Each structure stands twice: as C-alpha cells, then as structure tokens.
Amino acid sequence: MSHSTPPAAPSAAPPIWNDPQRQIAFQAWLQGLTEVYRLDPLSVRSASADASFRRYFRVDSSQGSRIIMDAPPEKENCEPFVRIAGLMQDAGLLVPRILAWDAAQGFMLLDDLGQHTMMEVIDPQASPPLALYQRALDALLPWQQASRAGTLPAYDTTLLRRELELFPEWYLGRHRGVNLNTTQRQTLDTCFERILANNLRGPSVYVHRDFMPRNLMMPAWADEPRLGVLDFQDAVYGPVTYDIASLMRDAFLSWDEDFVLDVTVRYWEKARQLGLMDFEDWASDFGAFYRAVEWMGLQRHLKVA
C-alpha cells in the first residue's frame, strides 16, 4: 500500500462551552458513565466538528479512548445516526458502536475507530494507493448489497434538484455575485433536467452521500482489515452511481483518469457479480456504467461548488 506515515495526533484543547447549563448537564451525564466505562473525565478534549451543530470529543478510558458526540436535540436529530449505524453494522461494516445515548439531552458515547482518516494517510504526490481504495470498496459493496427499498428516504428528483439548486444560489449568486438572466436560467434548467434524467435512470441502493476519504477511518486495531465509516446519518436510497462517484471524483483529492478508471472497473466487476448492475447493458458494458458515473460526478461537483 502506498501511503505516508500517519501524522502525529495534535494536542487537543478541552471543549469550550457557550452554554453554562449545557456544560453542567454534560458533566453530570459523563460522571454517571465514568465508573461503568472506566472513563477519565479530566481527559475530555476536542476531537472534531462537522458541517452541523454536532461536536465530537475524545475521552480516555482504561480500554482506550472513546468518542463523545455533543448534539443539541433542538438542533440535531440523532435518531437517523443510531438507526443507520445499526443498518451498517448488520451489513458488516465497521462503524462506531453506540455505548450510551441520552436522547433527551443529545449526548452519546461511542467507540473510537481511530485518529486518522484515509485522507490523512494518503500522499497525493506518491503512487495512487490502490490497496487502500480496494479496502474502501470492501466497505461500499456490502452496504449496497444490503439495500432494501422503503428503509431509507428516497434520493429522488426533488432531493437531487434541491442539491443542484445550491449551484446557482450559493456559487453563482452568493460567491460570484452573478444574477442569471432569463435565457441563462433556462439554459441552466435544461442542463439540470438532463442531469436528473441520467442520474435517476439506474438501480437504487443505499447511498452514504459522502463516501470519500475524509469519512473513512484507518482502524485503531492492527488486525482490523476494514476501514471505519463515519458521517453516514444522511444516508438515503438512491442511484447506485452516487457513492462510487463520491469516492473517485472527490472534491478534495484528484487522481489521474487511469487510476479512477482502474478502481471504478474493480468496483464494477464486483458489483455486477452481486447483481447491482442489472440495468440495460450495464452488466456487460463498463463504458455504459462509467458514463452514468460521470453524469453523477457532474451533479455532485455542481452541488459541492
């Protein structure tokens, strides 16, 4: 595997609380778990945050570190996280175990899958880490194979169109200060309709929605072959092309087309063996499937922009 040595873990500061009452509630909740999980309350420090009101802390225990999620219930609903974590565990994926959850207050104690993401151990200047991407496929394919209609929200026309509208609203309007005239808007709408038509043609599976190196964890245990999977609470049921497009057409990490093709072909070979390519000529023609992935990559990059 070609990747760089993981960087040393930074020294993290204790969490800052803007709400004294929430801090008191947190300390009382944590104290109630200290003996059961052999936690060291004095070791609580910031771990990370995401694009939401959720925060994550790390705390030491006699069995190694744990992760704490701080998700104010009036701003964040943790039920999808808990439910989808169960679906992923049932599919054989490595996701954080939920050790304790106070739904009313929005505090959760989780397994710590490790301190380094797949993104952090990749050296973009070195040879592409094929073995690492194959491990990513080993997480994606069982998740897709476990798919059942009606279990997760549908990634349908409404949701995909809402995501495409982020491009004219935020990138063109807010970031670039561009106001489209009627003709330009009609042209953009025509493009959007074509993107939607292509992206909703194929089979539907469970979709992580951000299946990329920043959300895949290098496991903390040397004998664990699986990559850990995080940030899955917004999972939906939608296009089979979405997550492989997210992985290989990442907005934060670019590879030469040869490597993108190599990994995507490996994915396609395994996916068709699992019956995930049973649509038109996708199972026999990689080119047909790859064109669909490119359409989905276009949709995703317009959203990200």
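Scroll up to find the structure this text is about.
Residues numbered from 1 in each chain as written. Predicted model: local features only at pLDDT ≥ 70, side-chain atom pairs only at ≥ 80, totals over all residues. Heavy atoms only, no water.

What to know about the sheet that holds strand E6 (residues 116–117)
Spatial ordering of the open sheet is given by E6-E8-E9, a layout of three strands whose pairing is antiparallel. One side of each edge strand has no neighbouring strand; the edge strands of this open sheet are E6 and strand E9 (228–229). By the bridge criterion, two bridges tie strand E8 (residues 216–218) to E9 in an arrangement that is antiparallel. Note on E9: the bridge partner recorded for Met217 is Gly228. (Pairing = 2+ DSSP bridges. Helix = DSSP H or I, 4+ residues; strand = E, 2+ residues; numbered from the N terminus.)

Overview of the nonpolar core
Core analysis: the largest hydrophobic core is formed by 74 residues, its most contacted members being Tyr133, Trp143, Ile244, Leu247, Tyr267, Met277 and Phe289. Among all residues touching Ile244, those that are not within four sequence positions of it are Leu137, Leu140, Thr264, Tyr267, Phe289 and Val293. Of all hydrophobic cores here, the second largest spans 16 residues; its members include Trp29, Val44, Ala100 and Leu109. (Core = buried A, V, L, I, M, F, W, Y, C linked by side-chain atoms within 4.5 Å. Buried < 20%, exposed > 50% of the residue type's maximum accessible area, 1.4 Å probe, protein only. Contact = heavy atoms within 4.5 Å.)

Focus on the packing of helix H5 (residues 157–164) against helix H6 (residues 166–175)
The description of two helices packed together rests on the angle between their axes and the distance between the axes. One way to put it is that H5 packs onto H6 with a least axis distance of 5 Å and a crossing angle of 10°. Taken together, H5 and H6 sit at an angle that is classed as roughly parallel. Of H6, the residues touching H5 (which contributes Arg162, Glu163 and Leu164) are Leu166, Phe167 and Pro168. Of the residues in the contact of H5 with H6, the class split is four nonpolar, no polar and two charged. (Axes fitted to C-alpha atoms, helices over the stretch in contact; angles between N-to-C directions. Parallel < 35°, antiparallel > 145°, perpendicular 65-115°, else oblique. Nonpolar A, V, L, I, M, F, W, Y, C, P; charged D, E, K, R; others polar.)

So, the pattern of salt bridges
This structure, assessed with the given rule, holds 21 salt bridges. Between Asp70 and Arg55 there is a salt bridge whose closest N-O contact spans 3.2 Å. Taken together, the positions of Asp70 in strand E3 (residues 66–70) and Arg55 in strand E2 (residues 55–61) put the pair 15 residues apart, joining distant regions of the chain. On the basis of relative accessibility, which here comes to 24%, the residue Arg55 falls in the partly exposed class. Each of Arg22, Arg55 and Asp70 takes part in salt bridges that share partners, so that together they form one network. (Salt bridge = Lys/Arg side-chain N within 4 Å of Asp/Glu carboxyl O.)

Keep in mind that these numbers describe shape and distance, not what the molecule does.
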